[in-house]
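# Working through the structure, step by step
Here is what each chain is made of, one letter per residue.
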Number of protein chains: 2
Amino acid sequence: MAATVGALATPALLLDKDRLDRNLDRLSSRMAARDVVLRPHMKTAKSIDVARRAHRSGPGPITVSTLAEAEYFARHGFRDMTYAVGLAPHAAERAVRLQKAGIDLKVLLDSPEQGMLLGVAGHAAGVTPSAFIEIDCDGHRGGLTATDPKLIAVAAALAEAGVKLAGVLTHAGESYSLCTPEALVAAAENERAAAVATAATLRTAGHACPIVSVGSTPTAHFADDLTGITEMRAGVYMFFDLVMHGVGVCTTDDIAISVLATVIGTKAAKGWILVDAGWMALSRDRGTAAQRVDQGYGLVCDLSGKIYPDLIVAQASQEHGILAIRSGSAQALPDLSIGAKVRILPNHACATASQHELYNVVSAGSDAIEARWPRMRGW
Amino acid sequence: MAATVGALATPALLLDKDRLDRNLDRLSSRMAARDVVLRPHMKTAKSIDVARRAHRSGPGPITVSTLAEAEYFARHGFRDMTYAVGLAPHAAERAVRLQKAGIDLKVLLDSPEQGMLLGVAGHAAGVTPSAFIEIDCDGHRGGLTATDPKLIAVAAALAEAGVKLAGVLTHAGESYSLCTPEALVAAAENERAAAVATAATLRTAGHACPIVSVGSTPTAHFADDLTGITEMRAGVYMFFDLVMHGVGVCTTDDIAISVLATVIGTKAAKGWILVDAGWMALSRDRGTAAQRVDQGYGLVCDLSGKIYPDLIVAQASQEHGILAIRSGSAQALPDLSIGAKVRILPNHACATASQHELYNVVSAGSDAIEARWPRMRGW
């Protein structure tokens, strides 16, 4: 295995540990100051090593996006988890198995049917399952709206099915499409208000609603008043990415992951430099296409991480990336010849990291690979 | 492990063996009739089991997109391979190690520098490396144009560096953006003409040019006259997908892979059905967005594989897909409740399959999972 970045076979995923730690500290300080529990979403990193850095004093609360993640983190000592995807029947059985093994796994649902099937699975296994009611605060995907009359019906179904109501959970998914501080502050307040209102409705109807959970990386960083909120969930804040930069939550200097690539050809007449990182290494994510600055498939830096102004991955096929100067820019193409190495900042850290098996961990100002942290995958 | 499709945890990747075999036979018959060697591109399937079906009488010629693929197929007995991505310095050393181990691995380059670094690596290892000169037939990415004066310089550099010239190789990448038989026939002829012309130029200059290699799935199926061509490369023809359907190379009944998903919620007022397959299971590929019919993130079928008319995956987040009727259609949303299962045909088989660890192999008309074929990944 290569000991330095310069000696790595490409494409390869790099993780800047200093930036990671800074990002982790930023949000955990923010939440500590507001007395809100931070429940990091592990869907971005999918790595026990990253989870341990997010919870330095030992396993703490986490969010997961698949039951395979829940099983993986359970094997590594994490016990307090929320599976934040609406419950399917086969998932209920698997969640209950984790519960039976002593894991405090809270699931997510928004219908009486899901409550009943979870209750049946719990009863069969001899455990009391625990579920959040999903609240839809901005029309983004699943969940009940804050005023949906079904809210009480779902809570009643849980009680009848012998399922513990963990609380309410909402996610301001629409915040990813915003780009001004004012709009982000408003989205955060909207998210808070929906969660707090539904918790109040449930409590008034006699249902205990211990956890009031909100979160998205943009709203987590722009929420000021979190009155009534008990926990915050966020995932991509650990690594950040160009989409988050476009939203205005981070600078490019905060982006902790990058894809190392090697120049494999040039086409001077077209203004192209070809590299060996295509969509297999970068992902097909084009999240910046809808933002003010379209970053193509990524923004290109030199080996030290310094950005080449306006040099982006303009096109990507499976294993080829075409670097070019952003259209409209007067920048010159840098002089990069066969074998030169570059680092590419990703549009969407969750998608790009998922294309790789491990993180090559580096620190700013050093060429040494300090560690290799594996990622888990699958469902 | 589940024995039936109905019992599988979702999301999961299904591979219809009958469709796979039919697709394999279709192109191999076509090439046999033209006396052209078929060198399947394994970048789509990345599976030894699929490679064995493509070459039933034993290991035959294949194309690979990474050196990890080359090493994987070498471990499984394949010896005649082309690595069809422009050569990087670290790749030259690794390719030469395979050559030293008795693998006939041909690499791809388009500059004298790459020829020299390959020669140096070969000399150090005591082997004679073998390389194709990459030809650019349609401005798609790398390679020399058919009339580029550097062609002879590259061939001379190979000879001087002690590298064997395997031949010329081109890829009609622009064919993926076409959609009429006339345009596809013309693209195939353009691809053929560029390869044949450069082979002639090299031969006239005294360079042996044994292999004249072309290929893309669309041109492979629309080329009629292949005079002067010795081999055809194609990959996605094994599985096909919605992009290839939009190009006009296959019907939806030919698409051999699909993603099994479970309904986890409904939003009748919005015309939405939520499933547990998002971009992590489907990929972020939106290749049909630029075609006449935009299929969203995929076209939805029932458990038996029958298409729900105009029902597409309209939106995808990491683990959520939102099914909706295509805009402009008068079709009604099917009545699918929590726990119902659907199969989703992918935009781009290479991208979707790469999100999964294995193929659940099925046959038409049966719920049984006949086999599980692992996929390899990484570089």
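Since the model is a prediction, treat every value here as computed from it, not as a measurement. (Residues numbered from 1 in each chain as written. Chains lettered and ligands numbered in written order. Predicted model: local features only at pLDDT ≥ 70, side-chain atom pairs only at ≥ 80, totals over all residues. Heavy atoms only, no water.)

## Details of the overall build of chain A
Short version of the rule: A helix here means a DSSP run of H or I that spans at least four residues, while a strand means a run of E at least two residues long, and both kinds are numbered starting from the N terminus. All radius of gyration figures rest on C-alpha atoms, and the globule criterion is 2.2 Å times the number of residues raised to 0.38. Burial classes: relative accessible area under 20% of the type maximum marks a residue as buried, over 50% as exposed, and values in between as partly exposed (1.4 Å probe, protein chains only).
Each helix and strand in chain A was counted, giving 11 helices and 17 strands. Computed over C-alpha atoms, the radius of gyration of chain A comes to 22 Å, within 12% of the 21 Å expected from 2.2 N^0.38 for 379 residues, which places it in the range of a compact globule. When its C-alpha atoms are laid out on the principal axes, chain A stretches across 70 × 45 × 35 Å. Expressed as a percentage of the 379 residues in chain A, the buried residues total 63%.

## Some points on the interface of chain A and chain B
So the rule is basically this: What makes two residues a contact is simply this: any of their non-hydrogen atoms within 4.5 Å. Note on definitions: buried area is the accessible-area loss of two parts on being combined, 1.4 Å probe, summed for both. For this document, the term salt bridge refers to a Lys or Arg side-chain nitrogen within 4 Å of an Asp or Glu carboxyl oxygen. In protein, a polar contact requires one atom able to donate a hydrogen and another able to accept it; more generally it is a pair of N or O atoms within 3.5 Å, and residues adjacent in sequence count only if both atoms are side-chain atoms.
Taken together, the contacts link 55 residues of chain A with 55 residues of chain B. Interface area for chain A against chain B, summed over the two sides, is near 4600 Å², with a carbon-plus-sulfur share of 57%. Scanning the region where chain A abuts chain B turns up 4 salt bridges. A salt bridge links A:R284 to B:D285; the nearest nitrogen and oxygen atoms lie 2.7 Å apart. The interface formed by chain A and chain B includes 26 residue pairs in polar contact (both at pLDDT 80 or more). Breaking the side of chain A that touches chain B down by element, the ones donating at least two residues are β4 (80–86), α4 (89–100), α5 (112–125), β10 (257–267), β11 (272–275), α10 (279–282) and α11 (349–353) of chain A.

## Thoughts on the sheet that holds strand β6 (residues 130–135) of chain A
Residues and elements named next belong to chain A. To keep it simple, the criterion reads: Two strands pair under a simple rule: DSSP has to find at least two bridges between them. Inter-axis angles, ranging from 0 to 180 degrees, are taken between N-to-C directions of lines fitted to C-alpha atoms, where helices are fitted over the stretch in contact.
The 8 strands are arranged β2-β9-β8-β7-β6-β5-β4-β3 in an open sheet whose pairing can be described as parallel. Every other strand in the sheet has two partners, leaving β2 (37–40) and β3 (62–64) as the edge strands with one partner each. Looking at each pair of strands side by side, their axes are set apart by 30° on average, direction ignored. Across 4 bridges, the pairing between β4 and strand β5 (residues 104–109) is parallel. When the bridges of β5 are listed, D80 appears paired with D104. On the sheet, α4 packs against β4, β5 and β6 and is oriented at approximately 160° with respect to β5.

## Quick notes on the state of the cysteines
Put simply, the rule is: By definition, disulfides here are pairs of cysteine sulfur atoms that lie within 2.5 Å.
Under the counting rule described, the total for this entry stands at 0 disulfides over all chains. In this structure B:C137 is not part of a disulfide, and its nearest cysteine sulfur, from B:C209, lies 15 Å away.

## Regarding the relation of the copies chain A and chain B
Applicable threshold: Least-squares fitting of one copy onto the other uses the C-alpha atoms of those residues that reach a pLDDT of at least 70 in both copies.
Overlaying chain A with chain B gives an RMSD of 0.0 Å, the required rotation being 180° about an axis along which the chain moves by 0.0 Å. Such a turn and shift between the copies fits a two-fold axis. The rotation axis passes nearest to the C-alpha of A:R284 in chain A, at a distance of 2.5 Å. Mapped onto chain B, 100% of the interface residues of chain A again fall at the interface, so both copies present the same surface.

## Observations concerning helix α1 (residues 17–33) of chain B
Residue and element names in this part refer to chain B. So the rule is basically this: Each helix should span, by expectation, one fewer than its residue count multiplied by 1.5 Å.
For α1, built from 17 residues, the straight-helix expectation of 24 Å at 1.5 Å per residue is met to within 8% by its first-to-last C-alpha distance of 24 Å. Within the span of α1, buried status applies to K17, R19, L20, D21, N23, L24, L27, R30 and M31. The N-cap of α1, judged by a side-chain oxygen 3.0 Å from the amide nitrogen of D18 a few residues on, is D16. Backbone geometry just downstream of α1 places D35 in the positive-phi region, at approximately 55°.

## Concerning the packing of helix α6 (residues 150–161) of chain A against helix α7 (residues 181–204) of chain A
All names here are of chain A. Where we set the bar: An angle below 35 degrees is read as roughly parallel, one above 145 as roughly antiparallel, one from 65 to 115 as roughly perpendicular, and any other as oblique. Left-handed is the label given to a crossing in which the near helix is rotated counterclockwise from the far helix by less than a right angle, and right-handed is the label when the rotation is clockwise. Put simply, Ala, Val, Leu, Ile, Met, Phe, Trp, Tyr, Cys and Pro go in the nonpolar bin, Asp, Glu, Lys and Arg in the charged bin, and everything else, Gly too, in the polar bin.
Orientation of α6 relative to α7, taken along the N-to-C sense of each, is 60°, at an axis distance of 10 Å. The angle between the axes of α6 and α7 places the two elements in the oblique class. In terms of crossing hand, the pair formed by α6 and α7 is right-handed. Counting all contacts with α6, which are made through L151, I152 and A155, the residues of α7 involved are T198, T201 and L202. The class makeup of the residues in the contact of α6 with α7 is 4 nonpolar, 2 polar and no charged.

## Looking at the sheet that holds strand β7 (residues 164–170) of chain B
Backbone-to-backbone hydrogen bonds join strands into a sheet, with any given pair of strands oriented parallel or antiparallel. All names here are of chain B. The strand order β2-β9-β8-β7-β6-β5-β4-β3 describes an open sheet built from 8 strands, whose pairing is parallel. The two strands at the open ends of the sheet, each matched to only one other strand, are β2 (37–40) and β3 (62–64). Put simply, the sheet's adjacent strands are angled 30° from each other on average, direction ignored. Sheet topology places strand β6 (residues 130–135) next to β7; 6 bridges connect them, and they run parallel. Across the sheet, S130 pairs through a bridge with K164, a residue of β7. Sitting on the sheet, helix α4 (residues 89–100) touches β4 (80–86), β5 (104–109) and β6, and the angle it makes with β5 is about 160°.

## So, the nonpolar core
As a rule of thumb, nonpolar side chains are buried together in soluble globular proteins. Here is the rule we go by: We define the nonpolar core as a collection of buried residues of types Ala, Val, Leu, Ile, Met, Phe, Trp, Tyr and Cys that are connected through side-chain atoms lying within 4.5 Å of one another.
In terms of nonpolar packing, the biggest core is built from 244 residues, with A:F239 and B:F239 touching the most fellow members. Once residues lying within four places of it in the same chain are set aside, the contact partners of B:F239 are B:L15, B:L20, B:N23, B:T44, B:A45, B:V50, B:D254, B:I255, B:A256, B:I257, B:A349 and B:Y359.

## Description of the domain arrangement of chain A
By a widely used convention, the size of an interface equals the accessible area lost when the partners come together. Residue and element names in this part refer to chain A. This is how the line gets drawn: Reported domain spans reflect what an automatic or database domain assignment gives.
Split into domains, chain A comes out as domain 1 (5–12 + 256–374) and domain 2 (34–237). Each partner contributes residues to the interface: domain 1 has 8 residues there, and domain 2 has 12 residues. The junction of domain 1 with domain 2 conceals about 760 Å² of combined surface from both sides, 59% of it contributed by carbon and sulfur atoms. The largest contributions to the domain 1 side of the interface with domain 2 come from C350, Y359 and W373, which together make up 60% of the buried area. At the boundary of domain 1 and domain 2, one finds 0 salt bridges. The tally of links between domain 1 and domain 2 comes to 2 residue pairs in polar contact (both at pLDDT 80 or more). Going through the elements one at a time, α11 and β17 (371–374) are the ones with two or more residues in the side of domain 1 that touches domain 2. Grouping the amino acids of the side of domain 1 that touches domain 2 by side-chain chemistry returns 6 nonpolar, 1 polar and 1 charged.

## Quick notes on the pairing of β4(A)
Residue and element names in this part refer to chain A. Inclusion rule: Orient the strands so they point away from the viewer; a crossover is then right-handed if the path from the first strand over the helix to the second runs clockwise.
Buried residues dominate β4, accounting for 6 of its 7 residues. In this structure, β3 lies alongside β4, joined through 3 bridges in parallel fashion. Residue I62 lies in a different strand from β4, and its bridge partner there is M81. Taken together, β4, α4 and β5 constitute a β-α-β crossover, and its handedness is right-handed.

## Quick notes on the packing of aromatic side chains
Residue and element names in this part refer to chain A. Spelled out, the test is: Each aromatic pair joins two rings of Phe, Tyr and Trp (for Trp, the six-membered one) with centres within 6.5 Å, and gets the label stacked for planes under 30 degrees apart, edge-to-face for over 60, and tilted for any other angle. We count a charge as sitting over a ring when the NZ of a lysine or the CZ of an arginine lies within 6 Å of the ring centre and within 35 degrees of the ring normal.
A complete count under the given rule lists 6 aromatic pairs over all chains for this structure. Both rings, one in F73 and one in F78, keep their centres 5.9 Å apart while their planes meet at 75°; by these two values the pair is edge-to-face. Judged by relative accessible area, which is 1%, F78 ranks as buried. Joined through ring pairs, the aromatic side chains of Y72, F73 and F78 make up one cluster. The ring of Y297 carries the charged tip of R286 above its face, separated from the ring centre by 5.5 Å.

## Describing the UniProt feature "domain: D-serine dehydratase-like" (unreviewed entry) in chain A
To be explicit about the condition: UniProt positions are given in the numbering used here, feature names are shortened, and annotations may be inferred rather than shown by experiment.
Per the UniProt record, "domain: D-serine dehydratase-like" (unreviewed entry) is annotated on residues 256–363 of chain A. Between the end C-alpha atoms of residues 256–363 of chain A there is a gap of 10 Å, over a span that is 8% helix and 40% strand.

## Describing the environment of A:L14
All names here are of chain A. Counting through the fold element by element, L14 comes out in strand β1 (residues 12–16). We classify L14 as buried; its relative accessible area is 0%. Once you skip the residues sitting within four places of it in the chain, L14 turns out to touch V5, L8, A256, I257, S258, L260, R343 and N360.

## Section: unusual backbone geometry
All names here are of chain A. Cis geometry is adopted by the peptide bond preceding P11, which originates at T10 and carries an omega value of -5°. Residue position: P11 is located in the segment before β1. Even without being glycine, K46 reaches a positive phi, approximately 50°. You can see K46 is positioned in the loop between β2 and α2 (48–54). Of the residues examined, K46 reaches a relative accessible area of 2% and is grouped as buried.

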